[in-house]
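Letter by letter, the chains look like this.
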Amino acid sequence: MKDKNEPLFPERRKFIKGVSLALGTTALGIPLLSLSACQSGNADSAAQEEGANQGNTQKKKLGLALVGLGGYSSGQLAPALQETENCYLAGIVTGTPEKAEEWKQKYNIPDKNVYNYENFDQIKDNPDIDIIYVVLPNSMHAEYTIRAAQAGKHVISEKPMATSVEDCQRMIDACNQNNVKLSIGYRLHFEPYNRRVMELGQKQVFGPVKQIKAANGFVANDPEMWRLDKELAGGGPLMDMGIYCVQGACYTTGETPVAVTAKFGKVTRPDVFDEVEESIDWMMEFPNGAAADCTTSYNKNEGMLRGEAENGWWELNPAYSYSGIDGETSEGDMDYPHVNQQALQMDDFADCILNNRQTIVPGEMGLRDVRILMAIYEAARTGKTVQIQS
Ligand code: NAD
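Before going into details, it helps to say that this report is about the structure given with it. Small disclaimer: the values here were computed from a predicted structure and weren't measured.

### Digging into the overall build of the chain
From N to C terminus, the chain includes 12 helices and 17 strands. Long-range pairs, those at least 24 residues apart, make up 72% of the contacts in the chain between residues at least 6 apart in sequence.

Put into structure tokens, the structure is as follows:
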């Protein structure tokens, strides 16, 4: 077996170009099985992609507006938008006038590109805004994605895509009806260590995958946070952190699980966890016979993804963080560049729009994952094995 651990991305710029040029067919040699496993018939045709990739070399920066200026927008997305090549921070949508003032100054955003939740729909008349990125609490993703689509704007929704399968479908339908593209903020599809895991698993570099282990969590200390509010979050750590384990297992195998079993963990802080679960363990069975043992918690700081195949293994730890991802395989340390994941993710979506090609992280993938999350909750509630329809 060769090249199990050779650096794929010698330096960042090359990687950006690799993403821009190669996605849509195979990215950096990785078959995008995880995409085909969740694509609906309505995705852009391969012929369209092919033609667009060949013909269009124009370079235009698209304008992006962030909806919701909380921790992720201010800590990660806005800084990343200072590094992007295909899009820039053109506008903001916020319910807090003081934040609007601060952001206008900091990022040089003109008054005409500042909206609140009431006048948001007027954004349809603003030619500066091409992409709307919804970074609100989970249960609000559906409403703002649909309103953005109705305004004729392309949309990125943060994960989890929504708090119900029905909402996910409504989001996809609204984007299709308004002829705009929809993507989910799955940044790790643009991160070299996680991409290598996709390759090791999907290409069976160490033989068929037998077992996956995934864990993700943090200690939730603020009882006031929306993440503990069932209405806004849709659930507890499974919706917020466990989704990374679901994603990790799916992109390791390139498949969608066929069945799940699950168990809620013990509640150690009943005063804090009176609406959502404190922790949950679950097992997913994949069609090729692989099994994924997963755990997520709001009571433990962790984040790992391990794959065991017939002839070797790999493990990322930390696996899902914004920086500092590290890993090894049965053949030695992994050594890949550390990239700005959010910049690559947003640049790739802008490139999809500019070159009319399908994103590798589409709404259909978000819907697939929410369907899995709902099956996990049902399995934990009933104590039964729940089958998943793909
Ligand atoms: P946050 O609490 O820091 O920010 C939420 C924002 O929504 C705030 O600006 C708040 O003012 C606004 N908001 C509007 N209406 C609200 C309401 N009714 N209740 C509460 N807040 C309201 O949250 P965050 O960490 O920025 O998360 C936002 C979204 O981004 C979530 O869906 C989360 O899952 C996702 N996220 C993704 C990543 C990632 O790595 N992809 C990382 C962090 C968060």
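### Quick word on the environment of Val114
Along the chain, Val114 turns up in strand β5 (residues 114-115). Take Val114: there are 19 C-beta atoms within 10 Å of it, and that puts it in the partly exposed class. Along the backbone, Val114 and Trp103 are 11 residues apart, and their C-alpha atoms lie at a distance of 9.5 Å.

### Side note on unusual backbone geometry
Cis peptide bonds are those with omega within 30 degrees of zero, and the linkage from Lys159 to Pro160 qualifies with -15°. The omega angle of the peptide bond from Asn317 to Pro318 is 0°, so this bond is cis rather than trans. Position of Pro318 relative to the elements: it lies in the loop between β14 (312-316) and β15 (327-329). The phi dihedral of Gln204 is positive, around 55°, even though this residue is not glycine. Looking at the secondary structure, you find Gln204 in the loop between α8 (192-202) and β9 (209-219). We note that Asn356 has phi near 45°; this positive angle belongs to a residue other than glycine.

### Here we look at the nonpolar core
Within the largest apolar cluster, 109 residues are counted, with the highest numbers of intra-cluster contacts made by Leu64, Ala65, Val67, Tyr133, Val134, Met171 and Ile376. In terms of domain composition, this core takes at least three residues from each of domain 1 (42-187 + 344-359) and domain 2 (192-336 + 369-387). Among residues more than four places away in sequence, those in contact with Leu64 are Leu81, Cys87, Tyr88, Leu89, Ala90, Ile131, Tyr133 and Met346.

### Points about the site of the ligand
Lining the immediate environment of the ligand, one finds 18 residues, of which Gly68, Gly70, Gly71, Tyr72 and Glu158 sit closest. When residues of the shell around the ligand are assigned to their parent elements, the largest contribution, three residues, is made by helix α4 (residues 71-80). Looking at which domains feed residues into the shell around the ligand, each of domain 1 (42-187 + 344-359) and domain 2 (192-336 + 369-387) supplies at least three.

### Focus on the environment of Gly236
Following the sequence through the fold, Gly236 ends up in the loop between α9 (230-233) and α10 (237-253). Separated by 60 residues in the primary sequence, Gly236 and Thr296 place their C-alpha atoms 9.3 Å from one another.

### Looking at the sheet that holds β9
Strand order in this open sheet of nine strands is β16-β15-β14-β13-β9-β12-β11-β10-β17, and the pairing throughout is mixed. Because the sheet does not close on itself, it has two edges, and the strands there are β16 (332-333) and β17 (386-387). Both β15 and β16 contribute to a ladder of two bridges, which runs antiparallel. Among the inter-strand pairings, Glu328 is bridged to a residue of β16, identified as Asp333. Lying on the sheet, α8 is in contact with β9, β13 (299-309), β14 and β15; it crosses β14 at an angle near 160°. Helix-sheet contacts for helix α12 (residues 363-382) involve β10 (259-264), β11 (279-285) and β17, and the interaxial angle to β10 is about 55°.

### What to know about the sheet that holds strand β3 (residues 62-67)
One open sheet accounts for six strands, arranged β5-β4-β3-β6-β7-β8; its pairing is parallel. Of all the strands in the sheet, just β5 and β8 (182-184) have a single pairing partner and so form its edges. The pairing of strand β4 (residues 87-93) with β5 spans two bridges and is parallel. The residue bridging Val93 from the neighbouring strand is Tyr115, located in β5.

### Some remarks on the environment of Asp229
Tracing the backbone shows Asp229 in the loop between β9 and α9. Classification of Asp229 by C-beta neighbours within 10 Å gives partly exposed; the count is 15. Each C-alpha atom, one on Asp229 and one on Phe273, is 9.3 Å from the other, the two residues being 44 residues apart in sequence.

### Comments concerning the pairing of β10
With six bridges connecting them, β10 and β11 associate as antiparallel partners. If you follow Lys263 over to β11, its bridge partner there is Asp281. Here β10 pairs with β17 via two bridges, running antiparallel. For Val260, the partnering residue across the bridge sits in β17 and is Val386.

### Overview of α12
Compared with an ideal rise of 1.5 Å per residue, which puts 20 residues at 28 Å, α12 spans 28 Å between its outermost C-alpha atoms and is within 8% of the ideal. Here α12 lies mainly inside the structure; 15 of its 20 residues are buried. Looking one or two residues beyond α12, the residue adopting positive phi is Gly383, at roughly 75°.

Cut-offs applied
- Residues numbered from 1 in each chain as written.
- Predicted model: local features only at pLDDT ≥ 70, side-chain atom pairs only at ≥ 80, totals over all residues.
- Helix = DSSP H or I, 4+ residues; strand = E, 2+ residues; numbered from the N terminus.
- Contact = placed C-beta atoms within 7 Å.
- Buried ≥ 20, exposed ≤ 12 C-beta atoms within 10 Å, placed from the backbone.
- Core = buried A, V, L, I, M, F, W, Y, C linked by C-beta atoms within 7 Å.
- Domains from an automatic or database assignment.
- Near = placed C-beta within 6 Å.
- Pairing = 2+ DSSP bridges.
- Axes fitted to C-alpha atoms, helices over the stretch in contact; angles between N-to-C directions.
- Expected span 1.5 Å × (residues − 1).

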